[in-house]
Amino acid sequence: MSSSINISELVRTNIAKLSPYTSARDEYKGDKGVFLDANENPYGTVNRYPDPYQCELKQVISEIKGGDAGQLFLGNGSDEAIDLAYRIFCEPNKDKAIVFTPTYGMYEVYANINAVELITLPLDKVFQIEEGLVDPYLTDENVKLMFICSPNNPTGNLIKRETIIRLLNQFKGMVIVDEAYIDFSSESSWLEELTQYKNLIILQTLSKGWGMAGLRIGMAWMNEEVLYYFNKVKSPYNLSIINQQEAIKLLQDKTGFEQRIAVLLSEKERMIKELSSLSMTRFIYPSEANYLLVEFDQADKLYQELIEKQIIVRNRSKVVPNTLRISIGQPEENTQLLTALKAIQREKESIIYR
Ligand SMILES: *Cc1c(COP(=O)(O)O)cnc(C)c1O
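Small disclaimer: the values here were computed from a predicted structure and weren't measured.

Definitions and limits used
- Residues numbered from 1 in each chain as written.
- Predicted model: local features only at pLDDT ≥ 70, side-chain atom pairs only at ≥ 80, totals over all residues.
- Heavy atoms only, no water.
- Core = buried A, V, L, I, M, F, W, Y, C linked by side-chain atoms within 4.5 Å.
- Buried < 20%, exposed > 50% of the residue type's maximum accessible area, 1.4 Å probe, protein only.
- Domains from an automatic or database assignment.
- Contact = heavy atoms within 4.5 Å.
- Helix = DSSP H or I, 4+ residues; strand = E, 2+ residues; numbered from the N terminus.
- Polar contact = N/O pair within 3.5 Å; in protein donor to acceptor, adjacent residues only side chain to side chain.
- 1 Å grid on protein atoms, 1.4 Å probe; cavity = no way out; pocket = protein on both sides within 12 Å on 5 of 7 lines; lining within 4 Å.
- Points joined across faces, edges and corners; volume = space filled by probe spheres on them.
- Nonpolar A, V, L, I, M, F, W, Y, C, P; charged D, E, K, R; others polar.
- Near = heavy atom within 4 Å.
- Areas by Shrake-Rupley, 256 points an atom, 1.4 Å probe, with all protein chains shown as cover.
- Pairing = 2+ DSSP bridges.
- Phe/Tyr/Trp six-rings, centres within 6.5 Å; stacked < 30°, edge-to-face > 60°.
- Lys NZ or Arg CZ within 6 Å of the ring centre and 35° of its normal.

Ranked by internal contacts, the top residues of the largest apolar core, which has 51 residues, are Leu-57, Ile-61, Phe-100, Val-134, Met-146, Ile-148 and Leu-206. Split by domain, the residues of this core number at least three in each of domain 1 (7-252) and domain 2 (255-352). Apart from residues no more than four positions distant in its own chain, Ile-148 is found in contact with Phe-100, Ile-129, Ile-159, Ile-164, Leu-167, Val-175, Ile-176, Val-177 and Asp-178. Core analysis: the second largest hydrophobic core is formed by 35 residues, Leu-10, Val-116, Phe-147 and Phe-230 among them.

Now the structure itself:
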């Protein structure tokens, strides 16, 4: 247990002192009665405010994920939890956070919004954390957060467990492990480790594996002491009734979920095989997620040529030279991409041979 970490000392003073807004429904918990307390309109189907703590949805999620509903924060996307982490722990223009690049861009966006200086440490050649680079910051009292994305977006690899364990033990701030793609991964979640580390926050989402990006529901699992602050800082009704109900409904179909994951993983294998056979492909990075980072000859040009054929992939050439990040789609969509790539390759070869 990282018992040397004192959470209440780590949070910003204004947040520690904050008395949160208490909604009418915080004071009366029952669901039977004549509700004349919240200035709601008595008519309609969505006229009541939603449960601010999303108890029913948390119960469903905790059964699926095997975590404790009492250690779960739900946000309007896991992006909300990223923003809240900065707002809870980082004093603007004073505190800092660490990210390992290339990685998910929102850590930087929210750092900038919250006026938090970002320490950007490059991952090594195989996209692992270079522990020597982090060491100087582990006991810096102004460094409050560290984001570890695993499987990492856009590179697709998992970050080594031993590295994360060492950082959890030695870092004096919060370690946020972003598991947005864990449903596609061969390794298990960090959730089982939550009781061991007070400074661990695990981000997950219904957006990717569960296919509910449109609902905007993200999970953040954390020690109860940390959760207290997240609940204090969040907007009271951050998830709408419609979103909560739709998620509860869709989460019932565990079999469908597993089947779709299996299809996506087998499509990923097919894409790896097919892409490797193209002469324009230089390298396909190993992926534990639902996308492939692929190095091509002239990725920028290829990206444009695909756009012309109305096939949109993500150009990551600015962060990893000459790469496109390709999400795994439905089999038919993947085939369309492959057909387009083959056509582009044939055009190129016919120019060369002419
Ligand atoms: C997609 C993604 C998220 C965002 O999830 P939302 O719950 O949709 O906000 C978070 N982290 C990473 C690494 C992602 O790729």
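So, on to helix H9 (residues 224-233). Looking at H9, one finds that the buried residues are Val-226, Leu-227, Tyr-229, Phe-230, Lys-232 and Val-233. A distance of 2.8 Å separates the backbone nitrogen of Glu-225 from a side-chain oxygen at the start of H9, and that oxygen is part of Asn-223.

Our next topic: the layout of surface pockets. In this structure, the largest pocket spans a volume of roughly 390 Å³. Taken together, the elements giving at least two residues each to the lining of the largest pocket come down to strand S2 (96-101), strand S3 (117-122) and strand S11 (323-327). Here the lining of the largest pocket is composed, by residue class, of 8 nonpolar, 7 polar and 5 charged. When residues of the lining of the largest pocket are assigned to domains, at least three fall in each of domain 1 (7-252) and domain 2 (255-352).

Inspection of the secondary structure puts Glu-295 in strand S9 (residues 291-296). Assessed through its relative accessible area of 19%, Glu-295 is described here as buried. Ignoring any residue separated from it by four or fewer positions in sequence, one finds Glu-295 in contact with Met-280, Thr-281, Arg-282, Phe-283, Tyr-285, Pro-321, Asn-322 and Thr-323.

Turning next to the site of the ligand. Around the ligand, the structure places 13 residues, and the nearest of them are Asp-178, Tyr-181, Thr-205, Ser-207 and Lys-208. One of the side-chain nitrogen or oxygen atoms of Ser-207 is found 2.6 Å away from an oxygen atom of the ligand. Here Lys-208 contributes a side-chain N or O atom positioned 3.2 Å from an oxygen atom of the ligand. Starting from 390 Å² of accessible surface for the ligand in isolation, the protein chains cover 94%.

With 4 of its 5 residues buried, S11 lies for the most part within the structure. Pairing of S9 with S11 involves 5 bridges; the strand directions are antiparallel. Bridge pairing links Glu-295 to Thr-323 in S11. The pairing of strand S10 (residues 314-315) with S11 spans 2 bridges and is antiparallel. When the bridges of S11 are listed, Arg-314 appears paired with Arg-325.

For the coordinates displayed, the defined rule picks out 10 aromatic pairs. Ring plane angle 35 degrees and centroid distance 5.4 Å describe the contact between Tyr-86 and Phe-147, whose orientation is recorded as tilted. Highlighted residues: Tyr-86 in helix H5 (residues 78-89) and Phe-147 in strand S4 (residues 143-149), separated in sequence by 61 residues. Take Phe-147: its relative accessible area is 1%, and that puts it in the buried class. Between Tyr-107 and Phe-147, the aromatic rings sit 4.6 Å apart at their centres with planes inclined by 20 degrees, giving stacked as the arrangement. Here Phe-147 lies in strand S4 and Tyr-107 lies in helix H6 (residues 106-113), a separation of 40 residues in the sequence. Put simply, the rings of Tyr-86, Tyr-104, Tyr-107 and Phe-147 pair up and form one aromatic cluster. Note that Arg-161 overlies the ring of Trp-190, its terminal NZ or CZ placed 4.3 Å from the centroid. If you follow Arg-325 out to its NZ or CZ, it ends over the ring of Tyr-291, 5.7 Å from the centre.

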